[in-house]
Amino acid sequence: MPDARDEVDRIVDSWLRERPDLDFSPLQVLSRVARLARHLDRARRTAFDRSDLESWEFDVLAALRRAGAPYQLSPKALLQQTLVSSGTMTNRIDRLVSRELVERRTDPNDGRGILVQMTPQGLTRVDAAITRLVDAEDELLASLSPTDQERLAALLRKLSLGFDEES
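Thresholds, definitions, all that
Residues numbered from 1 in each chain as written. Predicted model: local features only at pLDDT ≥ 70, side-chain atom pairs only at ≥ 80, totals over all residues. Heavy atoms only, no water. Phe/Tyr/Trp six-rings, centres within 6.5 Å; stacked < 30°, edge-to-face > 60°. Helix = DSSP H or I, 4+ residues; strand = E, 2+ residues; numbered from the N terminus. Buried < 20%, exposed > 50% of the residue type's maximum accessible area, 1.4 Å probe, protein only. Pairing = 2+ DSSP bridges. UniProt positions renumbered as here; feature names shortened; annotations may be inferred. Axes fitted to C-alpha atoms, helices over the stretch in contact; angles between N-to-C directions. Parallel < 35°, antiparallel > 145°, perpendicular 65-115°, else oblique. Contact = heavy atoms within 4.5 Å.

## As for the packing of aromatic side chains
Okay, step 1: By the definition in use, this model includes 2 aromatic pairs.
Okay, step 2: Ring geometry for Trp15 against Phe24: centres 6.0 Å apart, planes inclined by 20°, an arrangement best described as stacked.
Okay, step 3: Ring centres of Phe48 and Phe58 lie 4.4 Å apart, and the angle between their planes is 25°; this geometry places the pair in the stacked category. In this pair, Phe48 is assigned in helix α2 (residues 25-50) and Phe58 in helix α3 (residues 55-66), connecting sequence segments 10 residues apart.
Okay, step 4: Residue classification places Phe48 among the buried positions, given a relative accessible area of 5%.

Here's what the structure looks like:
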């Protein structure tokens, strides 16, 4: 399939014709990443919609789920994992409480602190969403062999490490 061409090839060819003085190799990679990100975003929205969750709700519930039983974290730990402001997190917790997906509990180790704990309904929703998401993402990668997927993951990890260090 080395002769197969996609939309990015056509775009780059047009740019090369118009601006032969520029090196368009970054577009060969990053334009494809951007296009794939749009497909991934659609797949994620569909997976979350089918579980009656917004993407931000999934992010919070997923952080709680990954914490393991009893699926609770402090608001500060949730902030660190979801990278939002404390005001935004307070609002998100309030909305999740009103939807009965999480509860606020007094921290037994600190009477003034609180913990956010996922409810059984929240657990059911996040488990359904992650199952749907993994299935959808598997479909997106179906044209790559497991070896190609590992190679791509390693290259993307190498690229993203530089950005993670800047954060």
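## Looking at the pairing of strand β2 (residues 102-107)
Okay, step 1: Two elements, β2 and strand β3 (residues 110-118), share 6 bridges in a ladder whose sense is antiparallel. By the bridge assignment, Asp107 is partnered in β3 with Asp110.
Okay, step 2: Taking the residues between adjacent antiparallel strands as the criterion, β2 and β3 are bridged by 2 residues.

## Overview of the environment of Ala128
Okay, step 1: With respect to the element layout, Ala128 can be found in helix α6 (residues 120-140).
Okay, step 2: The class of Ala128 is partly exposed, set by a relative accessible area of 25%.

## Section: the UniProt feature "domain: HTH marR-type" (unreviewed entry) in the protein chain
Okay, step 1: Per the UniProt annotation, the sites labelled "domain: HTH marR-type" (unreviewed entry) are residues 26-161.
Okay, step 2: With 70% helix and 12% strand, residues 26-161 has end C-alpha atoms that lie 18 Å from one another.

## Observations concerning the sheet that holds strand β1 (residues 72-73)
Okay, step 1: Read from one edge to the other, the open sheet built from 3 strands follows the order β1-β3-β2, with strand pairing classed as antiparallel. Taken across any chain shown, the strands that pair with only one partner, and hence form the sheet edges, are β1 and β2.
Okay, step 2: Relative to β3, β1 runs antiparallel, the two sharing 2 bridges. The partner of Leu73 across the bridge, within β3, is Val116.

## Observations concerning the packing of α3 against α6
Okay, step 1: Packing of α3 against α6 brings their axes to within 10 Å, and their N-to-C directions diverge by 100°. Our classification of the angle between α3 and α6 gives roughly perpendicular. The residues of α6 that touch α3, namely those facing Phe58, Leu61, Ala62 and Arg65, are Gly122, Leu123, Val126, Asp127, Ala129, Ile130 and Leu133.

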